[in-house]
Amino acid sequence: MGKNALITGITGQDGAYLAEFLIKKGYIVHGIKRRSSLLNTDRIDHLYQDPHIEKRNLILHYGDLSDSMNITRIIQECRPDEIYNLGAMSHVKVSFDVPEYTANTDGIGTLRILEAVRLLDMKDHTRIYQASSSELYGLVREVPQTENTPFYPRSPYACAKLYAYWITVNYREAYGLHASNGILFNHESPIRGETFVSRKITRALSRIVLGLQDTLYMGNLSSKRDWGHAKDYIQAMYLILQQEQPDDYVIATGVTTAVREFVSKSFASLGIELSFKGEKEKETGKVISINDALFTEKAGRHYLDKFKSRIRTNPLVVKVDPGYYRPTEVDLLLGDPTKAREKLGWKPEYDLDGLINEMVDSDLLLMKKENYLRDGGYNILNYFE
Ligand code: NAP
Ligand code: G4F
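This text gives an overview of the structure that appears in the document.

Rules of the game
Residues numbered from 1 in each chain as written. Chains lettered and ligands numbered in written order. Predicted model: local features only at pLDDT ≥ 70, side-chain atom pairs only at ≥ 80, totals over all residues. Heavy atoms only, no water. Near = heavy atom within 4 Å. Polar contact = N/O pair within 3.5 Å; in protein donor to acceptor, adjacent residues only side chain to side chain. Areas by Shrake-Rupley, 256 points an atom, 1.4 Å probe, with all protein chains shown as cover. Nonpolar A, V, L, I, M, F, W, Y, C, P; charged D, E, K, R; others polar. Helix = DSSP H or I, 4+ residues; strand = E, 2+ residues; numbered from the N terminus. Buried < 20%, exposed > 50% of the residue type's maximum accessible area, 1.4 Å probe, protein only. Pairing = 2+ DSSP bridges. Right-handed = clockwise from strand over helix to strand, strands pointing away. Contact = heavy atoms within 4.5 Å. Expected span 1.5 Å × (residues − 1). Patch = residues over 30% accessible without salt bridge, like charges linked within 9 Å, V, L, I, M, F, W, Y side chains within 5 Å. Salt bridge = Lys/Arg side-chain N within 4 Å of Asp/Glu carboxyl O. Core = buried A, V, L, I, M, F, W, Y, C linked by side-chain atoms within 4.5 Å. Axes fitted to C-alpha atoms, helices over the stretch in contact; angles between N-to-C directions.

1. Considering the site of ligand 2
Then, number 1: The full set close to ligand 2 counts 24 residues, and Ser133, Ser134, Tyr157, Arg326 and Glu329 are the nearest of them.
Then, number 2: A distance of 2.8 Å separates an oxygen atom of ligand 2 from a polar atom in the side chain of Arg225.
Then, number 3: Between ligand 2 and the protein, one listed contact pairs an oxygen atom with a side-chain N or O atom of Glu329 at 2.6 Å.
Then, number 4: For ligand 2, whose free accessible area comes to 720 Å², the fraction covered by protein is 96%.
Then, number 5: Residue composition of the shell around ligand 2, by class: 9 nonpolar, 9 polar and 6 charged.

Following this line, the structure appears as structure tokens:
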């Protein structure tokens, strides 16, 4: 018989990819979704099955990580072989605005899962994956970061995740739970949340090229991240839970890139060359050349002349808005995934260019849809942060 998995955060980026991956492996996947006033299952709608179908392989439960009884009841009802705790208030900048909520969901939420498995006497039945984060390294103590690098969190989000990390280790050591941390570095995809920097860039680029937006306003362009593709990273989560012994693993590509470079690479993927000038909030990114053939191949000839005429009057397509700065920043993340490669046999398939290409292609397609609607007389809204 197939295994049962429970995914918290199934409606998020990683939850959606992981659910699809596990269903393909023959799992019955249970997911916790939050009640919201608008439907929030866009990322998993393609996996959705009518509740009247017998033998469904995707079953959704209403719930929230801030509700112990709800979490305990769901675990009791679905008796999962594996729990992937991906649910979290996952935006670092927003965590400065909602620190208590973040601590409750991202920190104590993890305790609620561990304690439920312990109280229900399921510790020999259920393996637990905790979504830990490279944000734990914060003001980094060494480069690159390994499983042994000391933590120095720099946000309420990272402080909450620090608690979650250690309570997972503690339940493993104190009660013998099969509970593991994946210390995942940044991972992105076409379904990444729109307010994380990668997706903000690829969406804005697409809108600028199609004439739906003039400027991309950015925060700190100099911070560096080790970016991978979410499709690679969810496989690492799965592998971690297939190990006989629970343990903690860094999951990263081993390559770090500045945010500015991510912007340049994204524009370059459509044949647009940018040059950056100025410092801090005075920094701007200007279009200095266009590769007509590449632009036409990717975006379509239809948009080329209009784009050229717009940038003749406004070539400064990237500007800085200090409103996006964080009170304390994480300047440099670079992971060393040696342990994961050697013990799990995990290796990412995507490199940064492949990731960016996929994200830009996907956002261009989405924004073309917006453009058709606008041309058809519909009111198009932008969703700025
Ligand atoms: P995401 O897209 O923001 O998804 C977060 C998920 O958590 C969503 O399904 C969200 O539900 C759910 N959630 C939020 N608050 C909740 C609550 N109180 N109770 C139950 N569920 C709640 O995040 P992601 O990128 O997939 O990341 C997955 C996990 O990995 C998170 O824990 C994140 O902190 C961690 N992580 C991510 C990265 C990365 O680069 N992506 C790196 C390291 C660690 P709604 O859809 O209703 O909002
Ligand atoms: O894309 P970000 O918001 O991701 P951040 O803060 O690194 O956190 C993400 O990765 C963590 C793993 O390391 C996860 F744990 C966490 O849940 C989340 O998925 O920002 C990346 C960098 C930061 O240095 C930020 O200051 O980009 C910089 N940045 C510059 N301008 C911006 C912007 N970030 C955002 N979101 N928006 C901007 O306009």
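2. Side note on the environment of Gln76
Then, number 1: As for its position among the elements, Gln76 is in helix H2 (residues 68-78).
Then, number 2: Between the C-alpha atom of Gln76 and that of Ala116, which follows or precedes it by 40 residues, the distance is 8.3 Å.

3. Observations concerning the site of ligand 1
Then, number 1: Close contacts around ligand 1 come from 25 residues, with Thr11, Arg34, Ser90, Tyr157 and Lys161 the closest.
Then, number 2: Gln13 places a main-chain nitrogen or oxygen 3.0 Å from an oxygen atom of ligand 1.
Then, number 3: Those elements giving two or more residues to the shell around ligand 1 turn out to be helix H1 (13-24), helix H4 (99-119), strand E5 (127-133) and helix H5 (156-175).
Then, number 4: At 3 residues, the largest contribution of residues to the shell around ligand 1 is made by E5.

4. As for the pairing of strand E6 (residues 178-184)
Then, number 1: Among the 7 residues in E6, 7 count as buried, and that is most of the element.
Then, number 2: Where burial is concerned, the two faces of E6 agree: the one with His178, Ser180, Gly182 and Leu184 and the one with Ala179, Asn181 and Ile183 are both buried.
Then, number 3: Here 7 bridges tie E5 to E6, and the two strands are oriented parallel to one another. Counted as the bridge partner of Tyr129 is Ser180 from E6.
Then, number 4: With H5 bridging E5 and its parallel neighbour E6, the resulting β-α-β unit is right-handed.
Then, number 5: As judged from the 3 bridges shared by E6 and strand E11 (residues 249-251), these two strands associate in the parallel manner. Across the sheet, residue Gly182 finds its bridge partner in E11, namely Tyr249.

5. Here we look at the side chain of Gln49
Then, number 1: Here Gln49 lies in the loop between strand E2 (28-33) and strand E3 (58-62).
Then, number 2: A distance of 2.8 Å separates a polar side-chain atom of Gln49 from the backbone nitrogen of Asn57.
Then, number 3: Side-chain polar atoms of Gln49 contact the backbone nitrogen of Leu58, separated by 3.3 Å.
Then, number 4: If near-sequence neighbours (up to four positions away) are discounted, Gln49 is found in contact with Arg56, Asn57 and Leu58.

6. A word on H1
Then, number 1: Counted at 1.5 Å a residue, the expected span for H1 with its 12 residues is 16 Å, and the 17 Å between its end C-alpha atoms agrees.
Then, number 2: Where burial is concerned, most of H1 is hidden: 10 out of the 12 residues are buried.
Then, number 3: Among all positions of H1, only Gln13, Asp14, Gly15, Ala16, Tyr17, Leu18, Ala19, Phe21, Leu22 and Ile23 are buried.
Then, number 4: Of the residues trailing H1, Gly26 is marked for its positive phi of about 95°.

7. Notes on a nonpolar patch on the surface
Then, number 1: Nonpolar side chains collect at one region of the surface, where Val94, Val98 and Tyr101 lie side by side and expose about 200 Å² of accessible area between them.
Then, number 2: Tracing the backbone shows Tyr101 in helix H4.
Then, number 3: Taking the relative accessible area as the measure of exposure, Tyr101 reaches 34% and is therefore partly exposed.

8. Overview of the nonpolar core
Then, number 1: Core analysis: the biggest nonpolar cluster contains 37 residues, and Val209, Val263, Phe267 and Ile272 have the highest contact counts within it.
Then, number 2: If you tally residues by element for this core, the top one is helix H12 (residues 352-375), at 7 residues.
Then, number 3: Discounting chain neighbours no more than four positions away, the residues touching Ile272 are Leu205, Val209, Phe267, Val287, Ser289, Phe295 and Phe307.

9. Remarks on the sheet that holds E6
Then, number 1: Reading across from one edge, E3-E2-E1-E4-E5-E6-E11 is the order of the 7 strands in this open sheet, with parallel pairing throughout. Strand pairing shows two members of the sheet lacking a second neighbour, E3 and E11, which therefore form its edges. Looking at each pair of strands side by side, their axes are set apart by 20° on average, direction ignored.
Then, number 2: Alignment of E2 against E3, held across 5 bridges, turns out to be parallel.

10. Regarding unusual backbone geometry
Then, number 1: That bond from Val143 to Pro144 is cis: its omega, -5°, falls within 30 degrees of zero.
Then, number 2: Note that Pro144 resides in the loop between E5 and H5.
Then, number 3: Positive phi, normally seen in glycine, also occurs at Lys55, with a value near 55°.
Then, number 4: Examined against the element boundaries, Lys55 turns out to sit in the loop between E2 and E3.
Then, number 5: Non-glycine residue Arg79 carries a positive phi angle of around 40°.
Then, number 6: Tracing the backbone through its elements, the reader meets Arg79 in the loop between H2 and strand E4 (82-85).

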